[in-house]
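# Examining the three-dimensional arrangement
Letter by letter, the chains look like this.
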Amino acid sequence: MFDGRFRVPVERAVKPLGNGLRRTRLTPDHLTLVGLVVGAGAGVAIGWGALNLGLLLVILAALPDLLDGALAKASGSSSQRGAFFDSVIDRITDAFLLGGVAWFIIKDNPEHPHLGILPVAVLSVSSIISYERAKAESLGLSAKGGLMERAERVILLCLGLLFDNLLLPVLWLMLAALLSLANVLG
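What you see as residue numbers is a count from 1 along each chain, following the sequence as written. Where local features are concerned, this predicted model is filtered to residues with pLDDT of at least 70; where side-chain atom pairs are given and counted, the filter is 80 or more; whole-chain, interface and lining totals use all residues. In computing side-chain values, all of the structure's heavy atoms are included and hydrogens and water are not.

### Focus: helix H8 (residues 167–180)
To qualify as a helix, a DSSP run of H or I must reach at least 4 residues; to qualify as a strand, a run of E must reach at least 2; elements of each kind are numbered from the N terminus. Here, expected helix span is obtained from the residue count minus one, scaled by 1.5 Å. The terminal C-alpha atoms of H8 lie 20 Å apart, and with 14 residues this matches the ideal 20 Å at 1.5 Å per residue to within 8%. Listing the buried residues of H8 in full gives Leu167, Val170, Leu171, Met174, Leu175, Ala177 and Leu178. Along the axis of H8, the buried positions cluster into a sector of 165°, meaning they face one direction only. Set apart from the buried face of H8 by more than 90 degrees, the exposed residues are Leu179 and Ser180. For H8, the secondary structure elements touched by its buried residues are helix H5 (80–108), helix H6 (117–138) and helix H7 (150–162). For each residue, the accessible area found with a 1.4 Å probe, counting protein chains only, is set against the maximum for its type, and the residue is called buried under 20%, exposed over 50%, and partly exposed in between. The reported arc concerns the directions from the helix axis to the C-beta atoms and nothing else. A contact between two residues is defined here by any heavy atoms of the two lying within 4.5 Å.

### So, the packing of helix H4 (residues 51–75) against H7
Whenever a helix is involved, its axis is fitted only over the stretch in contact; in every case the axis is a line through C-alpha atoms, and angles between N-to-C directions fall within 0 to 180 degrees. Direction vectors running N to C along H4 and H7 enclose 160°, while the axes themselves pass 8 Å from each other. If you check the angle between H4 and H7, you find them roughly antiparallel. The two elements H4 and H7 cross, and the hand of that crossing is left-handed. Residues Leu51, Gly54, Leu55, Val58, Ile59 and Asp65 of H4 form the contact with H7, whose own contacting residues are Arg150, Val154, Cys158, Leu161 and Leu162. Under the scheme applied here, ten amino acids are nonpolar (Ala, Val, Leu, Ile, Met, Phe, Trp, Tyr, Cys and Pro), four are charged (Asp, Glu, Lys and Arg), and all others, including Gly, are polar. Residues of the contact of H4 with H7, tallied by class, amount to eight nonpolar, one polar and two charged. Orientation is classified from the angle alone, with under 35 degrees giving roughly parallel, over 145 giving roughly antiparallel, 65 to 115 giving roughly perpendicular, and any other angle giving oblique. Helix crossings get a hand from a simple test, with the near helix turned counterclockwise from the far one by less than a right angle marking a left-handed crossing and a clockwise turn marking a right-handed one.

Purely geometric stuff here, so don't read any function into it on its own.
Right under this line is the structure:
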């Protein structure tokens, strides 16, 4: 939803930042890797129970992910390889984040450690949807849109980290929305 409806205004807003970053020696891949490292740190912080630090790191990890495309466009280095690399790193970052959430839930709920499977289920279904989209597009089918794309998942995760009593309901909401939208063809 955010990806479809807000892509153009967001791209317009970050274009000047991309132009500014073009003057540095950074490449879009550098920004993508910074986002991965910060995302991994966020997963560890969340797993340790430092949810406020985890929230801050999730937000900081999202910034390079937002700017790598703007830098690629500004520097004229947009490529299919770069888009592929960014997409793969997004999936790895998601695994770090939701793995940290699973670790936290298991530690925080010793009487119900099985709840730790919930973020694993969210990760699994979101990865399947990413696969469905990629496969559909490779076959020439349109597979854009949906209500629970990566931006929505990150925003909801941030909400769950900010208000930790909402973390489990947020994860259930994400899973329900992902399962109801598992067919991305429309």
